[in-house]
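# Commentary on secondary and tertiary structure
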Amino acid sequence: MTVADRIISLDRVTKSFGKAGSKAGYVAVDNLDLGVERGQLLALLGKTGCGKSTIFNMIAGLTEPTSGTVRVDGRNPFREFDSFRGKIAIVFQGDRLLPWRTAVQNVELGLEMLDMPAGPRGNTALRWLDTLGLRGHEQDYPHALSGGMRQRVSIARAFATDADILLCDEPFSALDEMTARALRAAFVQLVRDNGKTAVFITHSINEALEIGDRLVVLKRPATIAIDIPVAAATPATEREAIRCRIQDVLAA
Amino acid sequence: MTMPEAARPEPAGRSMMIGPRGLFYVLPFVVLAGLWQIGSLFFPPFLFPSLVDVFRRCIDILTSWSQLSDVLATVGRILAGLAGAFIVGAALAVSMFRSRAVNDFLSPMLTLFQGIPALSWVVFAIIWFHGIEPRIFFIMVMTTLPAFTFQVLGALQGMSRDLMEMVMSFRPTRTKLFRTMIIPAILPDILTAWKVNLGNASRVVVVAELVGATGGVGYELLQQQQLFDMAGALAWTLQLVFFVLIAQSVLTQIENFAFRYRAASERSL
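None of the values given here were measured: they were computed from a predicted structure.

## A few points about the overall build of chain B
- For chain B, the count of helices and strands is 11 helices and 0 strands.
- Walking chain B from its N terminus toward its C terminus, one meets helices and strands in the order α-α-α-α-α-α-α-α-α-α-α.
- For 269 residues, the compact-globule estimate of 2.2 N^0.38 gives 18 Å, and the C-alpha radius of gyration of chain B, at 23 Å, exceeds that figure by more than 25%.
- C-alpha atoms of chain B, sized along the principal axes, occupy 70 × 60 × 30 Å.
- Among the 269 residues that make up chain B, the fraction classed as buried is 29%.
- Counted over contacts in chain B with a minimum sequence separation of 6, partners at least 24 positions apart contribute 70%.

## Thoughts on the interface of chain A and chain B
- Each partner contributes residues to the interface: chain A has 22 residues there, and chain B has 18 residues.
- Sorting elements by how many residues they give to the side of chain A that touches chain B places helix H2 (residues 103-113) of chain A first, with 4 residues.
- A class-by-class count of the residues in the side of chain A that touches chain B yields 14 nonpolar, 4 polar and 4 charged.

## Looking at the packing of helix H6 (residues 118-128) of chain B against helix H7 (residues 132-157) of chain B
Residues and elements named next belong to chain B.
- At their nearest, the axes of H6 and H7 sit 9 Å apart, and the two run at 145° to each other. The element H6 and its partner H7 pack so that their crossing is right-handed. Contact residues: Ala118, Trp121, Val122, Ala125 and Ile126 in H6; Arg135, Phe138, Ile139, Met142 and Thr143 in H7.
- Grouping the constituent residues of the contact of H6 with H7 by class yields 8 nonpolar, 1 polar and 1 charged.

## Things to note about the sheet that holds strand E1 (residues 6-17) of chain A
Residue and element names in this part refer to chain A.
- Pairing in this open sheet of 3 strands is antiparallel, and the strands run E2-E1-E4 from one edge to the other. With partners counted over all chains shown, the strands left at the sheet margins are strand E2 (26-37) and strand E4 (67-72), one partner each. Strand-to-strand twist of the sheet, defined as the mean angle between neighbouring strand axes without regard to direction, takes the value 15°.
- Here E1 runs beside E4; their pairing, made up of 5 bridges, is antiparallel. Residue pairing across strands places Leu10 opposite Val70, the latter belonging to E4.

## Some points on the pairing of E1 of chain A
- With 8 bridges connecting them, E1 of chain A and E2 of chain A associate as antiparallel partners. When the sheet's bridge partners are listed, Arg6 of chain A is paired in E2 of chain A with Glu37 of chain A.

## Looking at the sheet that holds strand E3 (residues 41-46) of chain A
All names here are of chain A.
- If you trace the 6 strands from one edge of the open sheet to the other, you get E5-E6-E7-E3-E8-E9, paired in mixed fashion. One side of each edge strand has no neighbouring strand; the edge strands of this open sheet are strand E5 (88-91) and strand E9 (223-229). Adjacent strand axes in the sheet meet at a mean angle of 15° when their direction is disregarded.
- Pairing of strand E8 (residues 214-219) with E9, which is carried by 6 bridges, proceeds in the antiparallel orientation.

## Observations regarding helix H7 (residues 236-251) of chain A
- The terminal C-alpha atoms of H7 of chain A lie 22 Å apart, and with 16 residues this matches the ideal 22 Å at 1.5 Å per residue to within 8%.
- Counting buried positions along H7 of chain A yields 1 of 16 residues, so the element is predominantly exposed.

## Quick notes on helix H5 (residues 177-193) of chain A
Residue and element names in this part refer to chain A.
- End to end, H5 covers 24 Å across 17 residues, agreeing with the expected 24 Å (1.5 Å per residue, within 8%).
- Residues of H5 that are buried: Ala180, Arg184, Phe187 and Val191. The buried residues of H5 occupy one face: seen down the axis, they fall within an arc of 70°. The exposed set on the far side of H5, more than 90 degrees from its buried face, consists of Met178, Ala185, Gln189 and Asp193.
- In this fold, the buried residues of H5 make contact with E3, helix H4 (147-160), strand E6 (165-169), strand E7 (197-202) and helix H6 (205-211).
- Backbone geometry just downstream of H5 places Gly195 in the positive-phi region, at approximately 60°.

## Quick word on the nonpolar core
- Judged by nonpolar contacts, the single largest core of 119 residues is most densely connected at Leu44, Ile59, Leu166, Leu167, Val199 and Phe200 of chain A together with Ile139 of chain B.
- A per-element tally of this core places H7 of chain B first, with 13 residues.
- Not counting chain neighbours up to four residues away, the residues in contact with Leu166 of chain A comprise Ala89, Val91, Ala158, Val191, Lys196 and Ala198 of chain A.

## Observations concerning the environment of Arg101 of chain A
- Topologically, Arg101 of chain A is positioned in the loop between E5 and H2.
- The class for Arg101 of chain A is partly exposed, based on 18 C-beta atoms found within 10 Å.

## Let's talk about the packing of H7 of chain B against helix H9 (residues 174-212) of chain B
Residue and element names in this part refer to chain B.
- In contact at an axis separation of 9 Å, H7 and H9 are set at 155° when each is read in the N-to-C sense. The orientation of H7 with respect to H9, classified from their angle, is roughly antiparallel. For the element pair H7 and H9, the recorded crossing hand is right-handed.
- Classifying every residue of the contact of H7 with H9 gives 17 nonpolar, 7 polar and 3 charged.

## Points about the environment of Cys50 of chain A
- As for its placement among the helices and strands, Cys50 of chain A is situated in the loop between E3 and helix H1 (52-60).
- Residues Cys50 of chain A and Val29 of chain A, spaced 21 residues apart in sequence, show a C-alpha to C-alpha distance of 8.1 Å.

## Here we look at the confidence of the model for chain B
Residues and elements named next belong to chain B.
- Per-residue confidence for chain B gives a mean pLDDT of 87, with 91% of residues at or over 70.
- In the predicted structure, residues 1-16 sits below a pLDDT of 50 and forms 13 contacts with residues beyond four places in sequence or in another chain.
- Both scores are given for the predicted complex: the pTM is 0.79, the ipTM 0.85.

## Section: unusual backbone geometry
Residues and elements named next belong to chain A.
- For Asp73, which is not glycine, the phi torsion reads 55° and is therefore positive.
- Here Asp73 falls in the partly exposed class, since 18 other C-beta atoms lie within 10 Å of it.
- In this model, Asp162 sits at a positive phi of 55°, which is unusual for a non-glycine residue.
- Position of Asp162 among the secondary structure elements: in the loop between H4 and E6.
- Judged by C-beta crowding, with 15 C-beta atoms within 10 Å, Asp162 ranks as partly exposed.

The rules behind each value
- Residues numbered from 1 in each chain as written.
- Chains lettered and ligands numbered in written order.
- Predicted model: local features only at pLDDT ≥ 70, side-chain atom pairs only at ≥ 80, totals over all residues.
- Helix = DSSP H or I, 4+ residues; strand = E, 2+ residues; numbered from the N terminus.
- Rg over C-alpha atoms; globule rule 2.2 N^0.38 Å.
- Buried ≥ 20, exposed ≤ 12 C-beta atoms within 10 Å, placed from the backbone.
- Contact = placed C-beta atoms within 7 Å.
- Nonpolar A, V, L, I, M, F, W, Y, C, P; charged D, E, K, R; others polar.
- Axes fitted to C-alpha atoms, helices over the stretch in contact; angles between N-to-C directions.
- Left-handed = near helix turned anticlockwise from the far one by under 90°.
- Pairing = 2+ DSSP bridges.
- Expected span 1.5 Å × (residues − 1).
- Arc of directions from axis to C-beta.
- Core = buried A, V, L, I, M, F, W, Y, C linked by C-beta atoms within 7 Å.
- Parallel < 35°, antiparallel > 145°, perpendicular 65-115°, else oblique.
- pLDDT = per-residue confidence, 0-100.

Here's what the structure looks like:
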């Protein structure tokens with residue numbers, strides 16, 4: 001992968017919190033180099049507290065690195081925050097739906113930020129709710145939806161803006177396995193069909209293997225331990241070998 | 001799968017309960033009125049006037065423009081004072097929320113203001129201002145400003161960080177952030193603040209008018225006191241009570257409409 005192919009690029013990125021050297025201070029990300037190609041679905045795997053969410057926040061432009069550079073589509077997502085309006089969409093760990101908005105109004109949120117007129121905005125939101133199997137629940141408030149349905153609404157909200165880059169922070173971790181599996185399949189299909197670039201953070205090896213076409217395993221403090229491509233056609237024996245290798249790294 | 005517990009309509013049995021509940025709500029007032037009426041049979045009218053007399057005086061006030069205009073003047077003063085205090089308080093709360101230095105500077109000052117009795121503000125206003133309306137407006141604003149500011153500040157500080165981060169991830173303009181996130185998130189606390197301050201303001205306005213005005217419910221109460229007219233004093237007091245009840249019920253209607261998204265549990269606290 002050449003630098004030119006990268007839509008997301010982290011070069012020697014370090015992020016520390018608190019005063020360096022103090023007891024309260026710690027390094028969350030240490031001299032990390034990571035690039036994501038356009039159209040790639042990268043699964044970022046690591047144990048809790050290994051700095052996955054810090055990387056996520058830096059790519060999203062919500063946090064600035066202490067040193068090094070983060071570039072998304074050639075620009076700094078923190079300094080040029082507003083210029084990424086409609087370019088990056090996020091699916092969070094919780095559904096984070098606005099309780100005072102109906103399902104369709106929640107999906108419309110990102111489109112409102114893009115100044116889309118009400119008519120097309122509503123149609124787009126309804127189309128995405130339909131795609132995610134929520135026809136008939138458009139006017140329901142979040143409290144009247146189940147956890148799986150709420151997470152579907154939040155996925156619809158992210159896809160509705162037609163952003164080039166999708167960032168997902170363990171979006172299915174709070175759901176039961178059956179629902180999570182169904183949503184994972186729907187999510188991968190949507191990413192592929194719409195040609196998105198996605199960074200998918202997870203702490204589940206199975207989920208990472210199921211979703212990613214590239215898998216990066218992080219060890220503390222957020223340095224790369226494993227970086228391997230995982231094609232859908234990868235034979236089961238090879239997948240099992242990858243799983244064992246990941247387990248060894250995480251256990252260490 | 002939906003959650004039927006949250007969305008299910010009220011059971012039929014509950015609507016049947018409204019009758020007895022309503023009765024229980026009205027009962028204390030009926031008992032109080034009855035005791036007063038009995039008292040009026042044994043005491044002279046300047047101590048315990050008959051409720052019929054009080055009712056007649058209420059009708060007089062409502063049907064005579066010169067008297068009704070006094071009620072409306074008081075209502076206008078309450079609303080203007082509350083609106084002024086809310087606008088200034090909300091602006092202060094936003095600046096305190098955005099800047100810790102501003103918060104550290106203004107917080108003790110507002111706490112100090114809270115400790116100053118309403119009557120002291122009345123005296124200050126009489127010394128500082130010439131006109132009646134500026135005096136009363138100043139008193140109303142100064143007595144309700146700290147509560148509005150702290151309540152709006154509390155609402156801003158209590159906003160969900162997760163939801164705020166989610167909305168920020170869409171990179172909203174400042175106006176859109178206010179419209180889509182901040183206003184709906186703090187609205188419940190703002191309405192509660194209005195309800196609380198409405199009661200406070202209706203008490204303060206009477207004191208302000210009693211001392212520093214030539215019209216309004218407070219001024220009329222002073223006249224009734226000088227005439228030893230208890231029926232008149234009660235009738236004028238009731239005008240203010242009616243206004244507070246009407247205003248509270250309007251705010252409740254707004255609440256019911258604005259917060260229809262809230263889940264209703266069948267099992268109450």
